[in-house]
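In case you want the letters, here they are:
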Amino acid sequence: MLNACEATADRNSRVTIDVQDSKGSFEIRVMDEGCGVPEAIRDTVFDPFVSSGKPNGTGLGLAIVSKIVQDHGGAVSIEETSDTGTVVAG
């Protein structure tokens, strides 16, 4: 959520959260209308210490999200990203 909000801060854009329940599990999607994930880090964005564009970013936020989701038997991924927004699902 924080990454999505920061990506849209200068754009007066929207962040949407969608939660779907399916047979005892659920899927969460965070969708923003921000600037997208830079191509250079798309394959490693969930690795520790990968960050781009944030002056005080540590690169740990999405790595922690990924670990928590994996520890609960799930997976998180970037479903879509472009210069008009990003969809992260887990």
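Note: the structure precedes this text.
Note that the structure is predicted; figures quoted are calculated from it, not measured.

A few words now on the nonpolar core. Core analysis: the biggest nonpolar cluster contains five residues, these being V37, I41, V45, F46 and V76. If sequence neighbours within four positions are ignored, I41 has contacts with V50 and S52.

One pass over the full model with this rule turns up four salt bridges. When the shortest N-O distance is used, the salt bridge between R29 and E79 registers 2.7 Å. In this pair, R29 sits in strand β2 (residues 25–32) while E79 sits in strand β3 (residues 77–82), placing the two residues 50 residues apart along the sequence. Residue K67 pairs with D71 through a salt bridge whose shortest N-O separation is 2.8 Å. Here the residue K67 and the residue D71 both occupy positions in helix α2 (residues 61–71), the gap between them amounting to four residues, near one helical turn. Exposure remark for K67: the relative accessible area of 47% places this residue in the partly exposed category.

What follows covers the environment of R11. Mapping R11 onto the fold places it in the loop between α1 (2–8) and β1 (15–22). The class of R11 is partly exposed, set by a relative accessible area of 39%. R11 sits 22 residues away from E33 along the chain, and the two C-alpha atoms are 8.1 Å apart. Those residues in contact with R11 that sit more than four places away from it in its chain are E33, G34, C35, D83 and T84.

What counts, and at which threshold
Residues numbered from 1 in each chain as written. Predicted model: local features only at pLDDT ≥ 70, side-chain atom pairs only at ≥ 80, totals over all residues. Heavy atoms only, no water. Core = buried A, V, L, I, M, F, W, Y, C linked by side-chain atoms within 4.5 Å. Buried < 20%, exposed > 50% of the residue type's maximum accessible area, 1.4 Å probe, protein only. Contact = heavy atoms within 4.5 Å. Salt bridge = Lys/Arg side-chain N within 4 Å of Asp/Glu carboxyl O. Helix = DSSP H or I, 4+ residues; strand = E, 2+ residues; numbered from the N terminus.

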